[in-house]
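# Report on the structure
Spelled out from the first residue to the last, the chains are:
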Amino acid sequence: MPPEADPEGTAVRLRSIPEASVARLALYLRMLGEFSEQGAETVSSDELAAATGVNPAKLRKDLSFIGSYGIRGVGYEVRPLLHQLEQALGLNHRQAVALVGVGNLGHALAGYGGFGGRGFPVVALFDVDPDLVGIHINGILVEHVREIPLISAERGVTIGMIATPGPAAQAVCDLLVSAGVQCILNFAPVVLQVPGDVEVRKVDLAVELQILAFHVARRHLDDATATAVNGHPVNGHRVNGAKGLSES
């Protein structure tokens, strides 16, 4: 039965997809798009897993959430699976993005053409800086923040991106929510307070760098430990081998 023939069952199934799986489904969709552009008609779970860096068993489990189980000995048909993923991720409906804050980061986001190509056209830009309000970026006029409710409603904005300084983010968020925007991608360094029916995803680049710094430090520690166990110099000193480590 096609998903549209059983909307209630489809909705229940989609609500059961774990957040971690949703993120991986987006990866599968991007890679399937590349396979499709290359003319591939089918792809095995092992091939798709290798291309996305995911364990094959985990990939098959993720795809089972959207009702796709593949064909034994064949794998998955690329175009039908692509269509299923688009439906599951809401890309069969028009998504319109409003970006608030076109400073350094916001200007870069506004100028990035990849959003529209993936089904997320930026249709509105907002700021309060008089030097920015009134200019065009990628053909879109930068409007004043006070116009958020009116313009967002007129242009059917479904997703708001906030790239303002921290102190301004909550007020901007409130304006987006008042316009009916229920999904927000937040680049500002604050935690936003929103109603229960509004979804917020926070992107904190500093936190991501700190996580990477942790992995760098851990690798250095692992290397130092391995060197110590092998009895080679560490920090200018020579340590005993594994046997010597147990001696006083």
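Now for a description of the structure that goes with this document. (Residues numbered from 1 in each chain as written. Predicted model: local features only at pLDDT ≥ 70, side-chain atom pairs only at ≥ 80, totals over all residues. Heavy atoms only, no water.)

### Some details on the overall build of the protein chain
Helices and strands together make up the secondary structure of the protein chain, namely 11 helices and 9 strands. Within the protein chain, buried positions represent 32% of all 248 residues. Put simply, of all contacts in the protein chain between residues at least 6 apart along the chain, 53% involve residues at least 24 apart. Summed over its atoms, the accessible surface of the protein chain is roughly 14800 Å², and 56% of this surface lies on carbon and sulfur atoms. (Helix = DSSP H or I, 4+ residues; strand = E, 2+ residues; numbered from the N terminus. Buried < 20%, exposed > 50% of the residue type's maximum accessible area, 1.4 Å probe, protein only. Contact = heavy atoms within 4.5 Å. Areas by Shrake-Rupley, 256 points an atom, 1.4 Å probe, with all protein chains shown as cover.)

### Looking at unusual backbone geometry
Excluding glycine, a negative phi dihedral is what most residues carry, and trans is how most peptide bonds are arranged. One non-glycine residue, Asn 138, adopts positive backbone phi at about 55 degrees. You can see Asn 138 is positioned in the loop between strand E5 (136–137) and strand E6 (140–144). Overall, Asn 138 belongs to the exposed group, its relative accessible area being 54%.

### Focus: the packing of helix H2 (residues 19–37) against helix H4 (residues 56–64)
The description of two helices packed together rests on the angle between their axes and the distance between the axes. Two numbers describe how H2 lies on H4: the axes approach to 10 Å, and their chain directions differ by 100 degrees. In terms of axis orientation, H2 runs roughly perpendicular to H4. In this structure, H2 contributes Ser 21, Arg 24, Leu 25 and Tyr 28 to the contact, and H4 contributes Lys 58, Leu 59, Asp 62 and Leu 63. Its residues placed into classes, the contact of H2 with H4 shows 4 nonpolar, 1 polar and 3 charged. (Axes fitted to C-alpha atoms, helices over the stretch in contact; angles between N-to-C directions. Parallel < 35°, antiparallel > 145°, perpendicular 65-115°, else oblique. Nonpolar A, V, L, I, M, F, W, Y, C, P; charged D, E, K, R; others polar.)

### Structural notes on H2
Over its 19 residues, H2 extends 28 Å from the first C-alpha to the last, a length consistent with the 27 Å expected when each residue adds 1.5 Å. Of all the residues in H2, the buried ones are Ser 21, Arg 24, Leu 25, Tyr 28, Leu 29, Met 31, Leu 32 and Phe 35. Turning to H2, the residues buried within the fold contact strand E1 (42–43), helix H3 (45–52), H4 and helix H5 (78–88). Gly 39 sits one or two positions beyond H2 and adopts a positive phi of about 90 degrees. (Expected span 1.5 Å × (residues − 1).)

### Here we look at the side chain of Asn 186
Its place among the elements puts Asn 186 in strand E8 (residues 183–186). The class for Asn 186 is buried, based on a relative accessible area of 1%. Once you skip the residues sitting within four places of it in the chain, Asn 186 turns out to touch Ile 162, Leu 192, Val 200, Arg 201, Lys 202 and Val 203.

### Points about the pairing of strand E7 (residues 159–162)
The alternating pattern of E7 places Ile 159 and Met 161 on one face and Gly 160 and Ile 162 on the opposite face, and all of these are buried. Of the pairings in the sheet, the one linking strand E3 (residues 97–100) to E7 comprises 4 bridges and is parallel in character. Among the inter-strand pairings, Ala 98 is bridged to a residue of E7, identified as Gly 160. Direction of pairing for E7 relative to E8: parallel, over a ladder of 4 bridges. Bridging from a neighbouring strand, Met 161 pairs with Leu 185 of E8. (Pairing = 2+ DSSP bridges.)

### Section: the sheet that holds E6
Taken together, the 7 strands give an open sheet; going across it, the order is E5-E6-E4-E3-E7-E8-E9, and neighbouring strands pair in mixed fashion. One side of each edge strand has no neighbouring strand; the edge strands of this open sheet are E5 and strand E9 (199–202).

### Observations concerning the packing of H2 against H5
Their axes nearest at 10 Å, the elements H2 and H5 cross at an angle of 145 degrees. Classified by chirality, the crossing of H5 by H2 is left-handed. From H2, Leu 25, Tyr 28, Leu 29, Leu 32, Gly 33 and Ser 36 reach across to H5, where they touch Val 78, Arg 79, Leu 81, Leu 82, Leu 85 and Glu 86. Tallied by class, residues from the contact of H2 with H5 come to 8 nonpolar, 2 polar and 2 charged. (Left-handed = near helix turned anticlockwise from the far one by under 90°.)

### So, the packing of aromatic side chains
To describe a pair of aromatic rings, one takes the distance between the centres and the angle between the planes. Scanning the entire structure with this criterion turns up 1 aromatic pair. Where Tyr 112 meets Phe 115, the ring centres are 4.9 Å apart and the plane angle is 85 degrees; that geometry is what we call edge-to-face. Residue classification places Tyr 112 among the partly exposed residues on the basis of a relative accessible area of 43%. In this structure Phe 115 comes out as partly exposed when scored by relative accessible area, which is 22%. (Phe/Tyr/Trp six-rings, centres within 6.5 Å; stacked < 30°, edge-to-face > 60°.)

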